[in-house]
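Commentary on secondary and tertiary structure
Chain by chain, the residues run as shown.
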Amino acid sequence: MKFLAFTDLHEDKEMLNELVKRAAKDDIDFVICCGDISTFGNGLQYNLKKLNSLGKKVYLVPGNHEEGAEFAGIVSGFPNLVNLDRSAKVVGDYVFLGYGGGGFTLQDSAFRKIAREWYGKYNGRKIILITHQPPYGTKLDWLGNRPVGNKDFSNFIARVKPKLALSGHLHETVGMVDAMGGTKIANPGWEGMVIELP
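To start, this report covers the structure provided alongside it. Being a predicted model, the structure only gives us computed values, none of them experimental.

Okay, the side chain of E66 next. In this fold, E66 is placed in the loop between strand 3 (58-60) and helix 3 (71-75). In terms of polar contacts, E66 uses its side chain to reach the backbone amide nitrogen of D36, at 2.8 Å. Only 3.0 Å separates the side chain of E66 from the backbone nitrogen of I37, close enough to count as a polar contact. With residues up to four places along the chain from it excluded, the contact list for E66 reads G35, D36, I37, S38, L44 and F71.

This part takes up the pattern of salt bridges. Pairs can form between side chains of opposite charge once their charged atoms are near each other. Scanning the model with the defined rule gives 5 salt bridges in all. In this structure, the salt-bridge partner of R22 is D27, at a minimum N-O distance of 2.9 Å. The exposure class of R22 is partly exposed, given its relative accessible area of 25%. When the shortest N-O distance is used, the salt bridge between R112 and D152 registers 2.8 Å. Here D152 lies in helix 5 (residues 151-160) and R112 lies in helix 4 (residues 109-122), a separation of 40 residues in the sequence.

This paragraph deals with the pairing of strand 13 (residues 193-196). Burial of strand 13 is one-sided: the residues M193 and I195 facing one way are buried, the residues V194 and E196 facing the other way are not. As judged from the 4 bridges shared by strand 1 (residues 2-6) and strand 13, these two strands associate in the antiparallel manner. Its bridge partner being in strand 13, F3 is matched across the sheet by I195.

Before going further, it helps to examine the sheet that holds strand 3. Here we have 5 strands laid out as an open sheet, ordered 4-3-2-1-13, and mixed in their pairing. Two strands in the sheet have a free side with no partner beyond their single neighbour: strand 4 (81-83) and strand 13. Averaged over neighbouring strand pairs, the angle between their axes works out to 25° when direction is ignored. Note that strand 1 and strand 2 (residues 30-33) share 4 bridges and pair parallel. The partner of F3 across the bridge, within strand 2, is F30. The strands touched by helix 1 (residues 13-23) within the sheet are strand 1, strand 2 and strand 13, with strand 1 carrying the most contacts at an inclination of about 170°.

Let us now look at the state of the cysteines. Using the criterion set out here, one finds 0 disulfides in the structure. No disulfide involves C33; its nearest neighbouring cysteine sulfur is the one of C34, lying 6.6 Å away. With relative accessibility at 0%, the residue C34 sits in the buried group.

With respect to the element layout, S167 can be found in the loop between strand 10 (164-166) and strand 11 (177-180). With residues near it in sequence (within four places) discarded, S167 still touches T7, C34, T131, H132, Q133, P134, P135, L140, A186, N187 and P188.

The subject of this paragraph is the pairing of strand 6 (residues 94-99). Counted residue by residue, strand 6 has 6 buried out of 6 residues, so it is predominantly covered. Burial along strand 6 is two-sided: the face carrying Y94, F96 and G98 and the face carrying V95, L97 and Y99 are both buried. Of the strand pairs in this sheet, strand 5 (residues 87-91) and strand 6 are connected by 5 bridges, and their pairing is antiparallel. Bridge assignment links A88 to a residue of strand 6, and that residue is L97. Here strand 5 hands over to strand 6 after 2 residues, with G92 in that stretch at a positive phi of 60°. Bridge analysis of strand 6 against strand 7 (residues 126-131) gives 6 bridges, and the strand direction is parallel. Counted as the bridge partner of Y94 is K126 from strand 7. Regarding topology, helix 4 serves as the crossover connection from strand 6 to the parallel strand 7, and that connection is right-handed.

Here we take up the nonpolar core. Here is a general trend for soluble globular proteins: nonpolar side chains tend to be buried in one another's company. Ranked by size, the top nonpolar core spans 23 residues in total, and within it F6, I37, L48, L51, L60 and L81 carry the most contacts. Elements supplying a minimum of two residues to this core: strand 1, helix 1, strand 2, helix 2 (44-52), strand 3 and helix 3. If one sorts the elements of this core by residue count, helix 1 sits on top with 5 residues. In this structure F6 touches L19, V31, I32, C33, C34, I37, L51, P188, G189 and G192, once residues within four positions along its chain are discounted. Formed by 20 residues, the second largest nonpolar core is a distinct cluster that contains L84, F96, L166 and I195.

Definitions and limits used
Residues numbered from 1 in each chain as written. Predicted model: local features only at pLDDT ≥ 70, side-chain atom pairs only at ≥ 80, totals over all residues. Heavy atoms only, no water. Helix = DSSP H or I, 4+ residues; strand = E, 2+ residues; numbered from the N terminus. Polar contact = N/O pair within 3.5 Å; in protein donor to acceptor, adjacent residues only side chain to side chain. Contact = heavy atoms within 4.5 Å. Salt bridge = Lys/Arg side-chain N within 4 Å of Asp/Glu carboxyl O. Buried < 20%, exposed > 50% of the residue type's maximum accessible area, 1.4 Å probe, protein only. Pairing = 2+ DSSP bridges. Axes fitted to C-alpha atoms, helices over the stretch in contact; angles between N-to-C directions. Disulfide = S-S within 2.5 Å. Right-handed = clockwise from strand over helix to strand, strands pointing away. Core = buried A, V, L, I, M, F, W, Y, C linked by side-chain atoms within 4.5 Å.

In structure tokens, the structure reads:
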């Protein structure tokens with residue numbers, strides 16, 4: 001299983017074209033987007049249409065720039081796009097768990113609720129966690145001299161031990177990779193990151 005992950009593209013059409021060109025190659029099975037594909041909703045339709053034209057599945061969560069942009073309704077209009085926000089999808093041997101939006105909240109009671117359901121259903125499975133905000137206490141969540149990630153995401157990772165956790169949001173940590181226990185954590189950035197899983 002090989003896929004292209006990216007985040008925080010905003011309205012960069014040139015970078016979008018590069019991502020689509022890379023994703024169109026035969027070795028890429030699907031695409032994952034960790035949010036902020038637009039700038040406060042601007043460019044959302046264009047970018048989604050371009051990704052849909054790939055003819056491959058694109059799994060997305062909204063970023064803080066898509067909150068209130070009727071993200072789910074817009075995504076549902078494209079047959080190759082899958083809204084992963086607050087939902088789970090089985091892809092091969094893996095379970096993709098998606099949770100979008102958010103910005104700088106250290107805790108999220110709505111996530112804790114859905115995380116309890118996910119733990120009951122998917123604990124012990126091969127999990128990939130896809131969020132917009134990074135987990136707390138990693139290289140990915142530093143802004144200036146302080147951590148601004150989400151502690152509930154970190155607690156979930158420590159408990160469920162996903163194979164991989166992807167997030168974005170902080171432009172300062174683009175391309176960084178870290179680990180929590182046996183979980184690889186990455187911010188794939190707007191240039192994208194090709195990831196291969198067994």
